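Tertiary structure, described
Now for the letters of each chain:
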Amino acid sequence: MLEKHIVLEDIDPVVFYGVGNSHLQMLKALHPKLRIVARDNVLRVIGDEEQTRLLEQQVEAMRRHVYRFNRITEEDILAIVNGEKTKDEAVKGVVVYSMSGRPIKSRSENQQKLVDAFEKDDMVFAVGPAGTGKTYLSIALAVRALKEKQAKKIILSRPAVEAGEKLGFLPGDMKEKIDPYLQPLYDALEDMIPAVKLQDMMEKHVIQIAPLAFMRGRTLSDAVVILDEAQNTTPAQLRMFLTRMGWNTKMIVTGDMTQIDLPHESKSGLREAIRVLKGIEGISFVELTKKDIVRHKLVTRIVNAYEQFDKTGKSEEFFK
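Overview of the structure. The residue numbering used here restarts from 1 in each chain and proceeds along that chain's sequence as written. Selection of residues for local features in this predicted model requires a pLDDT of at least 70, selection of side-chain atom pairs for listing and counting requires 80 or more, and totals for whole chains, interfaces and linings are taken over all residues. The side-chain figures draw on all heavy atoms in the structure; neither hydrogens nor water molecules are used.

1. A short note on the overall build of the chain
Put simply, the rule is: A run of H or I in DSSP becomes a helix once it reaches four residues, and a run of E becomes a strand once it reaches two; helices and strands are each numbered from the N terminus. The rule is simple: take the accessible area with a 1.4 Å probe, protein chains only, and divide by the maximum for that residue type; under 20% is buried, over 50% is exposed, in between is partly exposed. Residue contacts are defined here by distance: any two heavy atoms, one from each residue, within 4.5 Å place the two residues in contact. To measure how exposed things are, a 1.4 Å probe is used in the Shrake-Rupley method; for residues, cover is taken only from the protein chains shown.
When helices and strands are tallied, the chain shows 12 helices and 11 strands. Counting only C-alpha atoms, the chain reaches 80 × 45 × 40 Å along its principal axes. A burial count over the chain gives 46% of its 320 residues as buried. Contacts in the chain between residues at least 24 apart in sequence constitute 69% of all its contacts with a sequence separation of at least 6. In the structure as shown, the chain presents an accessible area of about 18200 Å², 52% of it carried by carbon and sulfur atoms.

Set out below in structure tokens:
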């Protein structure tokens, strides 16, 4: 008789065990000669050495499936036990899967250009209006690189630029003042990585989220680095950020030139960078448009309305 402990690393054991431990019960039924006891993220297996080794291989295949797709079904378990591909594995073009099991992939031609540019070049500029998925898709690409061990860490940054509010007037310490600016990045990560695992990755600095000012003096290596809302950087800030790039690193810079919150006398670093760096080998530029908007249909109408307003003249006074 052999006793073996199998650790379910990097996944949520609740997803692995299934609702009401249904997946665990299925494993027990498939291996009636083994005694299988689960506690937290550890499976304790007692029985024949050959049967135990077979179960260990199947559990590892199931663990990898949950790690990749954030879900597993009884149908998937049967396919794995029979040495077949699951339905999820047969689907092509998916970047990663959300926590609900929803496939995250490009949903327009320009979004696919962003995916292709990330695979081809080490630095990508993705510019477009609100709702085109540039930030969300960029984070999905970073999560995939981390899962596939193409990068050792993810670094996400944003400039903390006031849009109608001053930092000094917000309550709390510096972290509490800055966190609201970074919340969209947290939201995207929480949709792709289990909460417990995400917390662990952040504590171990595998995933780092920081304001742009915290990047000064660093060399960012073995990472996917994303700068969001880059239209709100000054030329000096963006130049500083781009020169942080180290070995085996990919950078994605996203921005929306219609939402610049800098003081009127300040120039946008993103606008200058696009002009200066255009044509440099190893750097891609992807422009997303209104056709790529994947939010509520009203977002497209709102973008159109504001574009029309900008063209007809901002000096008109309303609600007199």
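We are not done yet, so read on.
2. Remarks on the sheet that holds strand E9 (residues 223-227)
To be explicit about the condition: By this definition, two strands are paired if DSSP reports at least two bridges between them. Every axis in this analysis is a line fitted to C-alpha atoms, fitted for helices over the stretch in contact. Angles between the N-to-C directions lie between 0 and 180 degrees.
Judged by pairing direction, the sheet is parallel, and its six strands sit side by side in the order E8-E7-E9-E10-E6-E11 without closing on themselves. Looking at the sheet topology across the chains shown, the edges are occupied by strand E8 (207-211) and strand E11 (283-287). For this sheet, the mean inter-axis angle between neighbouring strands, taken without regard to orientation, is 15°. Direction of pairing for strand E6 (residues 123-127) relative to strand E10 (residues 250-255): parallel, over a ladder of five bridges.

3. So, helix H3 (residues 49-69)
Rules: Here the expected length of a helix is defined as 1.5 Å per residue gap, with one fewer gap than residues. Here a polar contact is taken to be a pair of N or O atoms separated by no more than 3.5 Å, where protein atoms must pair a possible hydrogen donor with a possible acceptor and residues adjacent in sequence count only if both atoms sit in side chains.
Over its 21 residues, H3 extends 30 Å from the first C-alpha to the last, a length consistent with the 30 Å expected when each residue adds 1.5 Å. Those residues of H3 that sit buried are Thr52, Leu55, Gln58, Val59, Ala61, Met62, Arg63, His65, Val66, Tyr67 and Phe69. Looking at where H3 begins, the residue whose side-chain oxygen comes 3.0 Å from the main-chain nitrogen of Glu50 is Asp48. Downstream of H3 by a residue or two, Asn70 has a phi angle that is positive, lying close to 60°.

4. Things to note about helix H11 (residues 269-277)
Owing to its 3.6 residues per turn, the α-helix brings residues three or four apart onto one side. What counts here: Throughout, the arc means the angular range of directions from the helix axis out to the C-beta atoms.
Inspection of H11 places Gly269, Leu270, Ala273 and Leu277 among the buried residues, and these make up the whole buried set. Projected down its long axis, H11 shows its buried positions confined to an angular sector of 95°, all on one face. Where H11 is buried, its residues contact E6, helix H10 (235-242), E10 and E11. At the exit of H11 stands Gly279, carrying a positive phi of roughly 95°.

5. Considering the sheet that holds strand E3 (residues 42-47)
The strands that make up a sheet are held in pairs by hydrogen bonds between backbone atoms, and each pair lies either parallel or antiparallel. Read from one edge to the other, the open sheet built from three strands follows the order E1-E3-E2, with strand pairing classed as antiparallel. The open sheet has two edge strands with one neighbour each: strand E1 (2-7) and strand E2 (35-39). When the angles between neighbouring strand axes are averaged without regard to direction, this sheet yields 15°. One ladder, built from five bridges, connects E2 with E3; its direction is antiparallel. Within E3, the residue paired with Val37 across the bridge is Arg44. Running at roughly 5° to E1, H3 makes contact with E1, E2 and E3 of the sheet.

6. Points about unusual backbone geometry
Although it is not a glycine, Asn21 adopts a positive phi angle of roughly 60°. Relative to the elements of secondary structure, Asn21 occurs in the loop between helix H1 (13-17) and helix H2 (22-30). Unusually for a residue other than glycine, Asp40 sits at a positive phi of about 55°. Owing to a relative accessible area of 62%, Asp40 belongs among the exposed residues under this scheme.

7. Side note on the nonpolar core
Our working rule: As used in this record, nonpolar core signifies buried Ala, Val, Leu, Ile, Met, Phe, Trp, Tyr and Cys residues forming a set joined through side-chain atoms within 4.5 Å.
Within the largest apolar cluster, 36 residues are counted, with the highest numbers of intra-cluster contacts made by Ile139, Leu189, Met192 and Ile207. Here this core gets eight residues from one element, more than from any other, and that element is helix H7 (residues 134-147). Sequence-distant contacts of Met192, that is, excluding residues within four places in its chain, are made with Asn70, Val96, Tyr97, Ser98, Met99, Ile104, Tyr136, Ile139, Ala140, Val143 and Lys147. Counting residues in hydrophobic clusters, the runner-up holds 22 residues, among them Leu270, Ala273, Leu277 and Ile283.

8. Description of the pattern of salt bridges
Using the following cut-off: By convention in these notes, a salt bridge is any Lys or Arg side-chain nitrogen within 4 Å of a carboxyl oxygen on Asp or Glu.
Under the defined criterion, the tally for this structure stands at 15 salt bridges. Lys4 is the salt-bridge partner of Glu56, the closest N and O atoms lying 3.6 Å from each other. Taken together, the residues span a long stretch of sequence, with Glu56 in helix H3 and Lys4 in strand E1 at a distance of 52 residues. For Glu56, a relative accessible area of 29% corresponds to the partly exposed category. The class of Lys4 is partly exposed, set by a relative accessible area of 30%. A salt bridge links Glu60 to Arg63; the nearest nitrogen and oxygen atoms lie 3.0 Å apart. In this pair, Glu60 and Arg63 both sit in helix H3, three residues apart, roughly one turn of the helix. A residue is classified by how much of its surface remains accessible, and Glu60, at 30% relative accessible area, is partly exposed. Accessibility expressed as a relative area gives 13% for Arg63, which makes it buried.

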